[in-house]
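Summary of structural features
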Amino acid sequence: GNVIAAAQREYGILKEKLKYAEQDVEVLWDAVKETIREITGTHPGIADKISGIGFSGQQHGLVALDKNGIPVRNAIIWCDQRSSGQVAEIHKILTREKLNQIILNELSTGFLLSSLLWVKENEPENYEKIEKVIVPKDYTRYKMCGEIAMEYSDASGTLIYDTANNVWAWELIDELGLDREMFPKCHESAEIAGEVTDRCAVETGLKKGTPVVYGGGDSIMQQVGNGVIDEKSPWIANIGTSCSLNCASSKPVYDALYRVNTFSHTRDHVWMIMGAGLCGGIVLKWLRDSIFHKQNYDEMTAQAATISAGSEGLFFLPYLTGSRCPDNDAHAQGIFAGLTLNHTQAHMIRSGMEGIVYNLKDAFVIFEEMGLSTDQIIASGGGARGDFFLQIEADM
């Protein structure tokens, strides 16, 4: 259970236009190769000790592959907002009540289904080339072991999945005129997908034949890592690039207003409930890089810590890339409200942090309305690294 080694690489989001958010999955794969090579290169013999390889990946994005397994275009990722028109079109074909009761979620931009229909309508030449659709982490696994497939947790996050019964929503797929063959087989997260190939071994330093499992979506994998595997487990307040409140349930419960998400967990008969804010730590990155041009987050936190709770009446809505919970609105925008001449950089930084946590508090209230309860919350993600952020979470 001990961590032997860790490595990381940074990569960005491609924003060709307002509301667009894409990534080149080959860049992501290069980052994976570099991190693994760093570990295998600095820890001789470590590859022989690796018993298996798992995955935790960003959810919801669309990766479209052609008949040769080559990406047709860049991945359209979770925070993309371009497909609001497709969401409206889907609701003309399928009633909101019918759709929501099958997928147990509110349809939104940034999910595989709406992005796929956007490609179909706006890039027909690319759509015609699509053989299979997967999500970003599945491409990394494919490059490691040659298996094109999905697993329950990420499949339920595509919003074209029968979440209560853990199968593709074939009736919805047919009604929307999509090809059934595009949707690959689904498996449990811990099932073995294949083995490290010759090519992957050469590129990474891993041992050929090392077992590779299917893995899961980042929020679900984070739950497993924190021991949140059933409804008796604590809840998780996560602040990463985005932010979310998560818990596990033995039943596929869902919010009647679909303000939070219900997804499949890592295995049958367990579900994850998630209240997701689209902007978490990215708010601070935006303030650091685009507004105040600070050197690091520690400097920003130190400034914010000089301001009292409530930021002296300055409030921030963290909707810089739209909103998902509690208001599912791709057009929502961020707001600083209550600005006066007395407010400073420090006030704005603290207000930004408070806005993120208020978003988590919104989800907390909805969970309670659904009949869920807990007496313990685990703080997780980059936001858990600083005492000041933790104190704001605990206070709220």
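The preceding data block contains the structure.
So, here is what we can say about the structure in this document.

As a further point, take the overall build of the protein. When helices and strands are tallied, the protein shows 15 helices and 19 strands. For 396 residues, the compact-globule formula gives about 21 Å, and the C-alpha radius of gyration of the protein, at 21 Å, lands near that figure. Pairs at least 24 residues apart make up 71% of the contacts formed inside the protein by residues separated by at least 6 positions. Taken together, the 35 basic and 53 acidic charged side chains of the protein have centroids lying 3 Å from each other.

Ring pairs (aromatic) are described by centroid distance and by the angle formed between their planes. Evaluated as defined, the whole model comprises eight aromatic pairs. Their ring planes at 55 degrees and their centres at 5.1 Å tell us that Trp168 and Phe183 sit as a pair that is tilted. Separated by 15 residues along the polypeptide, Trp168 in strand β8 (residues 167–168) and Phe183 in the loop between α9 (170–175) and β9 (186–187) bring together distant segments of the chain. As far as the burial class goes, Trp168 and Phe183 line up, both buried. Judged by centre distance (5.5 Å) and plane angle (10 degrees), the rings of Tyr254 and Tyr258 are stacked. Among the residues examined, Tyr254 registers a relative accessible area of 34% and is labelled partly exposed. Above the ring of Tyr20, the side-chain terminus of Arg82 is found at 3.6 Å from the ring centroid. Cation over ring: Arg82 sits above Trp118, and NZ or CZ is 4.6 Å from the ring centre.

Attention shifts here to the packing of helix α3 (residues 84–93) against helix α5 (residues 112–122). Running from N to C, α3 and α5 point in directions that differ by 100 degrees, and their axes come no closer than 9 Å. The angle between the axes of α3 and α5 places the two elements in the roughly perpendicular class. Mapping the contact onto sequence places Gln86, Val87 and Ile90 in α3 and Leu113, Ser114, Leu117, Trp118, Glu121 and Asn122 in α5. Its residues assigned to classes, the contact of α3 with α5 shows five nonpolar, three polar and one charged.

Attention now goes to unusual backbone geometry. Residue Pro326 is reached from Cys325 by a cis peptide bond, and omega for that bond is 5 degrees. Residue position: Pro326 is located in the loop between β17 (315–317) and β18 (335–337). Even without glycine at this site, Leu104 takes up a positive phi of about 60 degrees. Here Leu104 shows up in the loop between α4 (96–103) and α5.

Glancing now at the sheet that holds strand β15 (residues 261–264). Here we have five strands laid out as an open sheet, ordered β15-β16-β14-β13-β19, and mixed in their pairing. Of all the strands in the sheet, just β15 and β19 (377–380) have a single pairing partner and so form its edges. Taken pair by pair, the neighbouring strands of this sheet meet at an average axis angle of 25 degrees, ignoring direction. Both strand β13 (residues 235–239) and strand β14 (residues 243–249) contribute to a ladder of four bridges, which runs antiparallel. The residue of β14 that forms the bridge with Asn238 is Ser244. Across the face of the sheet, helix α14 (residues 345–369) comes into contact with β13, β14, β16 (271–277) and β19 while running at roughly 25 degrees to β14.

Another point: helix α12 (residues 281–292). Taking 1.5 Å per residue, 12 residues should reach 16 Å; α12 reaches 15 Å between its end C-alpha atoms and fits that length. Among the residues of α12, Val283, Leu284, Leu287, Arg288 and Phe292 are the ones counted as buried. All buried residues of α12 project into a common sector of 135 degrees when viewed along the axis, lining one side. Looking at the packing, one finds that the buried side of α12 touches α13 (297–304), β17, β18, α14 and α15 (387–395). Immediately beyond the C-terminal end of α12, within one or two residues, lies His293, with a positive phi of roughly 55 degrees.

Here we come to the pattern of salt bridges. For the structure shown, the criterion picks out 26 salt bridges. Residue Arg73 pairs with Glu22 through a salt bridge whose shortest N-O separation is 3.0 Å. With Arg73 in the loop between β3 (63–65) and β4 (75–76) and Glu22 in strand β1 (residues 22–23), the pair connects residues that are 51 residues apart, well separated along the chain. The two residues Arg73 and Glu22 agree in class, both being buried. A salt bridge links Lys98 to Glu175, with the shortest nitrogen-to-oxygen separation between them at 2.6 Å. Here Lys98, found in helix α4, pairs with Glu175, found in helix α9; they are 77 residues apart in sequence, far enough to count as distant. Classification of Glu175 by relative accessible area gives partly exposed; the value is 33%.

Our focus in this paragraph is the environment of Pro234. Structurally, Pro234 can be placed in the loop between α11 (218–225) and β13. For Pro234, a relative accessible area of 15% gives the class buried. The spacing of Pro234 and Arg350 is 116 residues in sequence and 27 Å in space, taken between C-alpha atoms. Apart from the residues within four sequence positions on either side, Pro234 is in contact with Val228, Thr374, Gln376 and Ile378.

Conventions and cut-offs
- Residues numbered from 1 in each chain as written.
- Predicted model: local features only at pLDDT ≥ 70, side-chain atom pairs only at ≥ 80, totals over all residues.
- Heavy atoms only, no water.
- Helix = DSSP H or I, 4+ residues; strand = E, 2+ residues; numbered from the N terminus.
- Rg over C-alpha atoms; globule rule 2.2 N^0.38 Å.
- Contact = heavy atoms within 4.5 Å.
- Lys, Arg positive; Asp, Glu negative; His and termini not counted.
- Charge placed at Lys NZ, Arg CZ, Asp CG, Glu CD.
- Phe/Tyr/Trp six-rings, centres within 6.5 Å; stacked < 30°, edge-to-face > 60°.
- Buried < 20%, exposed > 50% of the residue type's maximum accessible area, 1.4 Å probe, protein only.
- Lys NZ or Arg CZ within 6 Å of the ring centre and 35° of its normal.
- Axes fitted to C-alpha atoms, helices over the stretch in contact; angles between N-to-C directions.
- Parallel < 35°, antiparallel > 145°, perpendicular 65-115°, else oblique.
- Nonpolar A, V, L, I, M, F, W, Y, C, P; charged D, E, K, R; others polar.
- Pairing = 2+ DSSP bridges.
- Expected span 1.5 Å × (residues − 1).
- Arc of directions from axis to C-beta.
- Salt bridge = Lys/Arg side-chain N within 4 Å of Asp/Glu carboxyl O.

As far as function goes, none of this settles anything; it's purely spatial.
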